[in-house]
Amino acid sequence: RTLTHSHSRPLPQPANPRNISEYTPHMSAAVSRPASTLTRTRSLAGIRRFTSRIPKASSASASPPTRTMASEGKSISSYLPADTHKGLQPGDGDLTYLHTMLRVSDLGKTVEFFTALGLMETRRKESDAGKFTLVFLASAPGAPEIELTYNWGGEEFAPPSRSMGHLAYATDDIYKLCASLQGAGVVINRPPRDGKMAFVKSPDGISVELLQKGEALEAAEPWASMANVGEW
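These figures come from a predicted structure and were not determined experimentally.

### Side note on the overall build of the protein chain
What the protein chain contains, in helices and strands, is 2 helices and 9 strands. Order of helices (α) and strands (β) in the protein chain, N terminus to C terminus: β-β-β-α-β-β-β-β-α-β-β. Buried residues in the protein chain amount to 41% of all 232 residues. Long-range pairs, those at least 24 residues apart, make up 61% of the contacts in the protein chain between residues at least 6 apart in sequence. With the model as given, the accessible surface of the protein chain reaches about 12,600 Å², and the carbon-plus-sulfur share is 53%.

### Here we look at the sheet that holds strand 9 (residues 207–212)
Spatially, 7-9-8 is the arrangement adopted by the 3 strands of the open sheet, whose pairing is mixed. The two strands at the open ends of the sheet, each matched to only one other strand, are strand 7 (167–171) and strand 8 (197–201). On average, adjacent strands in this sheet sit at an angle of 25° to one another, irrespective of strand direction. Where strand 7 lies against strand 9, 5 bridges are found, and the strand directions are parallel. Directly across from Ala170, in strand 9, lies its bridge partner Leu211. In the packing of helix 1 (residues 107–117) onto the sheet, the strands contacted are strand 7, strand 8 and strand 9, and the crossing angle to strand 9 comes to about 10°.

### So, the confidence of the model for the protein chain
Parts of the model with low pLDDT should not have their predicted coordinates read in detail. Taken over all residues, the pLDDT of the protein chain has a mean of 77, while the share at 70 or more is 69%. Overall, residues 1–17 carries pLDDT values under 50, and its contacts beyond four positions in sequence, including any with other chains, amount to 37 contacts. Taken together, the stretch residues 26–73 has pLDDT below 50 and engages in 119 contacts with residues farther than four places along the chain or on a different chain.

### With respect to the nonpolar core
The tendency in soluble globular proteins is for nonpolar side chains to be buried side by side. In terms of nonpolar packing, the biggest core is built from 30 residues, with Phe114, Leu148, Leu181, Val208 and Leu210 touching the most fellow members. Sorting the residues of this core by element identifies helix 1, strand 5 (132–138), strand 6 (145–151), helix 2 (174–183), strand 8 and strand 9 as the ones contributing at least two each. No other element matches the 6 residues that helix 1 contributes to this core. Look past the residues within four positions of Leu181 in its chain and what remains in contact with it is Ala116, Leu117, Val186, Ile188, Val200 and Leu210.

### Describing the environment of Met164
Among the secondary structure elements, Met164 is positioned in the loop between strand 6 and strand 7. Under the relative-accessibility criterion, Met164 is labelled partly exposed at 33%. In this structure, the C-alpha to C-alpha distance between Met164 and Ser207, residues 43 residues apart in sequence, is 8.7 Å.

### Re the packing of aromatic side chains
According to the stated counting rule, one finds 3 aromatic pairs in the structure shown. Taking the ring centre of Phe136 as reference, the NZ or CZ of Arg123 above it sits at 3.7 Å.

### Side note on the sheet that holds strand 4 (residues 120–127)
The strand order across the open sheet built from 4 strands is 3-6-5-4, with neighbouring strands paired in mixed fashion. Sheet topology places strand 3 (99–103) and strand 4 at the edges, where each strand pairs with a single neighbour. Across the sheet, the mean angle separating the axes of adjacent strands is 20° when strand polarity is ignored. Sheet analysis places strand 5 next to strand 6, joined by 6 bridges and oriented antiparallel. The residue of strand 6 that forms the bridge with Leu134 is Thr149.

Conventions we followed
- Per chain, the residues get numbers from 1 upward, laid out in the order the sequence is written.
- A pLDDT threshold of at least 70 governs which residues receive local features in this predicted model, and a stricter bar of 80 or more applies before side-chain atom pairs are shown or counted, although totals over entire chains, interfaces and linings include all residues.
- Calculated side-chain values reflect all of the structure's heavy atoms, with hydrogen atoms and water omitted.
- Here a helix means four or more residues in a row that DSSP labels H or I, a strand means two or more in a row labelled E, and each is numbered from the N terminus.
- Here the term buried applies to any residue with accessible area under 20% of the maximum for its type, exposed to any over 50%, and partly exposed to those in between, with areas from a 1.4 Å probe on protein chains only.
- It only takes one pair of heavy atoms within 4.5 Å for two residues to be counted as in contact.
- Computed with the Shrake-Rupley method and a 1.4 Å probe, the accessible areas treat only the protein chains shown as cover for residues.
- Between any two strands, at least two bridges found by DSSP are needed for them to pair.
- Angles here are taken between N-to-C directions and fall from 0 to 180 degrees, while the axes themselves are lines fitted to C-alpha atoms, restricted in helices to the stretch in contact.
- Each residue gets a pLDDT score, which is the predictor's confidence in that residue and runs from 0 to 100.
- In these notes, a set of buried Ala, Val, Leu, Ile, Met, Phe, Trp, Tyr and Cys residues joined through side-chain atoms within 4.5 Å is what counts as a nonpolar core.
- The rule is short: rings of Phe, Tyr and Trp, with Trp giving its six-membered ring, pair when the centres are within 6.5 Å, and they are stacked under 30 degrees, edge-to-face over 60, tilted in between.
- Placement of a positive charge over a ring is assigned whenever Lys NZ or Arg CZ falls within 6 Å of the ring centre and within 35 degrees of the normal to the ring plane.

Rendered as structure tokens:
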């Protein structure tokens, strides 16, 4: 596997080129901004891939961004085959990260939140026997997923334990994403005053960290003087 980007500076290569889980540079800040010409090759056989495309949102809007499938090579996050673990080839020695499961009290609101964040629904399962719904979302087809589990009839949860810290995503433009989330009604708990980090929370109180790809953006209003809201 090789990774290059638009500035022609080679990204750090993993020590084991057969590990399909290594899709980011050794430091997350080294991911280039924007990731417009990132290319990739893999020699690992037997991995099926999606072949559609994901357009990035072009403006801050109150409506959640429309997401469609990504084409080969457009997302460095995509290392899983279409059927996740079933399409992986045993014997490569890799313990492969697949997803994080979150139980939710309101499936609709939680899907809206993660869609506004920039994730897309990859698959869904309804179980009449078990009386639950599973919704899987990811930043791109083949990327690690969030699995939302909704037990029919709803549940009430205690505040998340501090042992559960946060999910984290890197974005091309943290100001643009925060403005879009704000327009969709999401509270920016920790505004990106430094041009590089923000925090928001899901409807059930799960913290999500947002990080600026590459170097921090220059300080800009309204973010530079915006106060924190609550905890995250």
